[in-house]
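Chain by chain, the residues run as shown.
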Amino acid sequence: MDILVLGGAGQVGTELQALSWPHGVRVHAPGRADLDITDADAVAAALAARDYRAVINTAAYTAVDKAESDVVAAWRLNALAPAILAAATAARSIPLVHVSTDYVFAGTKPDGAYAPDAPIDPQSVYGASKAAGELAVRTGNPRHAVVRTAWVVSPHRGNFVKTMLRLAAERDALTVVDDQHGCPTSAADLAAALATIAQRMAGDADAPTGTFHCVNAGDTTWCGFAEAIVAGSARRGGRSVPVKGIPTSAYPTPARRPANSRLSTDSLTAAYGIAPRAWQAALDDILDRLVGPVSEGVSKP
């Protein structure tokens, strides 16, 4: 079984390639220089080159603030490319698994998590372009799974965990936004879920389709997440520094952030039997890889 992974250099794409796939599954992850997914002819030629059974698209323009001024580039990769992929995969009856984001929601829900069928209302160029990409996938290929996620972290590339570890080593205290709520998500756990969905869709024409959410269980704020990162690092011999919460208003950014990024994974569990583990356990695994194992005589919480 050949599976095409797009965005292979990113956090999730890297973890998809590192997975222990079943015998006989071959994962192909061409780099950006090898395949331009905004070029319809190039995508069609790539799909014709092998008998792909599924395509997983993790490629995206994710520079949220830069997108506010780099509108065309954001829409090309987040909206045009998914439209091209949807049309090309549909033409060959290949299921398409497409990763999207919590930013398609306004983030103003007063409490609780967003369900996949909740009304969307993006508040940024990034969110709007990703919402357009979702629509392109839904309308372009009936055999699709749009998988929204949030707050993705890993030992790879730039992300919140790595930034907090770097700042904790450089500064005597950290100040982090404490009024944005969400669900930290391990790129490895998300990759495993995407692989499960893709393989099921590849082997079963009646596999569930539609929109799903995949985040680790539980929620916190960015400040709470930072506190857990620093504390986890300290248990592994890293530097411990105080973390102070601040309001979003004290840290203005070009793009508006959702105050509530919580996503419900109930439909994912019902459709594919995937029940994500707690974000704290996922964070421990990442810190083990970035910092090292918990210091002798110190137990994990």
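Residues numbered from 1 in each chain as written. Predicted model: local features only at pLDDT ≥ 70, side-chain atom pairs only at ≥ 80, totals over all residues. Heavy atoms only, no water.

Section: the packing of aromatic side chains
So, point 1. One pass over the full model with this rule turns up eight aromatic pairs.
So, point 2. Ring geometry for Phe 105 versus Tyr 114: centroids 4.2 Å apart, planes at 15°, classification stacked. Like Tyr 114, Phe 105 is buried.
So, point 3. Each ring, one from Phe 225 and one from Trp 279, has its centre 5.5 Å from the other, and the planes form 80°; the classification is edge-to-face. Linking Phe 225 in helix α7 (residues 222-235) with Trp 279 in helix α9 (residues 279-290), this pair joins segments that are 54 residues apart in sequence. Note on accessibility: Phe 225 and Trp 279 belong to one class, buried. (Phe/Tyr/Trp six-rings, centres within 6.5 Å; stacked < 30°, edge-to-face > 60°. Buried < 20%, exposed > 50% of the residue type's maximum accessible area, 1.4 Å probe, protein only. Helix = DSSP H or I, 4+ residues; strand = E, 2+ residues; numbered from the N terminus.)

Overview of the nonpolar core
So, point 1. Counting residues in each nonpolar core, the largest one holds 31 residues, and the members touching the most others are Phe 160, Val 161, Met 164, Leu 174, Val 176, Phe 225 and Ile 229.
So, point 2. At the level of secondary structure, the elements contributing two or more residues to this core comprise α5 (160-170), β7 (174-177), α7 and α9.
So, point 3. Those residues in contact with Val 161, other than ones at most four positions away along the chain, are Val 153, Phe 225, Ile 229, Leu 283, Ile 286, Leu 287 and Leu 290.
So, point 4. In terms of nonpolar packing, the next biggest core, distinct from the first, is built from 30 residues, Ala 145, Ile 197, Ala 198 and Tyr 272 among them. (Core = buried A, V, L, I, M, F, W, Y, C linked by side-chain atoms within 4.5 Å. Contact = heavy atoms within 4.5 Å.)

Observations regarding the pairing of strand β1 (residues 2-6)
Consecutive side chains of a regular strand alternate in pointing toward one face of the sheet and then the other.
So, point 1. A large share of β1 lies buried, amounting to five of its five residues.
So, point 2. On β1, burial covers both faces: Asp 2, Leu 4 and Leu 6 on one face and Ile 3 and Val 5 on the other are all buried.
So, point 3. Here β1 pairs with strand β2 (residues 26-28) via three bridges, running parallel. The residue of β2 that forms the bridge with Leu 4 is His 28.
So, point 4. Crossover handedness for the path β1 to helix α1 (residues 11-18) to β2: right-handed. (Pairing = 2+ DSSP bridges. Right-handed = clockwise from strand over helix to strand, strands pointing away.)

With respect to the packing of helix α3 (residues 71-91) against helix α4 (residues 125-140)
So, point 1. Put simply, α3 and α4 touch, their axes get as near as 8 Å, and they point 10° apart. Taken together, the axes of α3 and α4 lie roughly parallel to each other. On α4, the residues that touch Val 71, Ala 74, Trp 75, Asn 78, Ala 79, Pro 82, Ala 83, Ala 86, Ala 87 and Ala 90 of α3 are Val 125, Tyr 126, Ala 128, Ser 129, Lys 130, Ala 132, Gly 133, Ala 136, Val 137 and Gly 140.
So, point 2. The class makeup of the residues in the contact of α3 with α4 is 15 nonpolar, four polar and one charged. (Axes fitted to C-alpha atoms, helices over the stretch in contact; angles between N-to-C directions. Parallel < 35°, antiparallel > 145°, perpendicular 65-115°, else oblique. Nonpolar A, V, L, I, M, F, W, Y, C, P; charged D, E, K, R; others polar.)

Quick word on the pairing of strand β3 (residues 52-57)
So, point 1. In terms of burial, β3 is largely enclosed, as five of its six residues are buried.
So, point 2. In this sheet, β3 lies alongside β1 in parallel orientation, the contact comprising five bridges. Looking at the pairing, Leu 4 lines up with Val 55 of β3.
So, point 3. Here three bridges tie β3 to strand β4 (residues 96-101), and the two strands are oriented parallel to one another. Across the sheet, Val 55 pairs through a bridge with Leu 96, a residue of β4.

As for the state of the cysteines
So, point 1. For the structure shown, the criterion picks out zero disulfides.
So, point 2. Cysteine Cys 183 is unpaired, with the sulfur of Cys 214 as its nearest cysteine sulfur at 11 Å.
So, point 3. Residue Cys 183 is classed as buried on the basis of its relative accessible area, which comes to 5%. (Disulfide = S-S within 2.5 Å.)

Examining the UniProt feature "domain: RmlD-like substrate binding" (unreviewed entry) in the protein chain
So, point 1. Here the UniProt-annotated "domain: RmlD-like substrate binding" (unreviewed entry) positions come out as residues 1-290.
So, point 2. Along residues 1-290, the helical share is 40% and the strand share 16%, with 33 Å between the first and last C-alpha atoms. (UniProt positions renumbered as here; feature names shortened; annotations may be inferred.)

Here we look at the sheet that holds β3
Paired through backbone hydrogen bonds, the strands of a sheet run either parallel or antiparallel to each other.
So, point 1. Strand order in the open sheet formed by six strands is β2-β1-β3-β4-β5-β10, with parallel pairing between adjacent strands. With partners counted over all chains shown, the strands left at the sheet margins are β2 and β10 (210-213), one partner each. On average, each strand axis in the sheet is inclined to that of its neighbour by 20°, with strand direction left out of account.

Some words on the environment of Gly 8
So, point 1. Structurally, Gly 8 can be placed in the loop between β1 and α1.
So, point 2. Assessed through its relative accessible area of 11%, Gly 8 is described here as buried.
So, point 3. Separated by 20 residues in sequence, Gly 8 and His 28 have C-alpha atoms that sit 8.8 Å apart.
So, point 4. With sequence-adjacent residues up to four places away left out, Gly 8 is seen in contact with Gly 13, Thr 14, Gln 17 and Ala 29.

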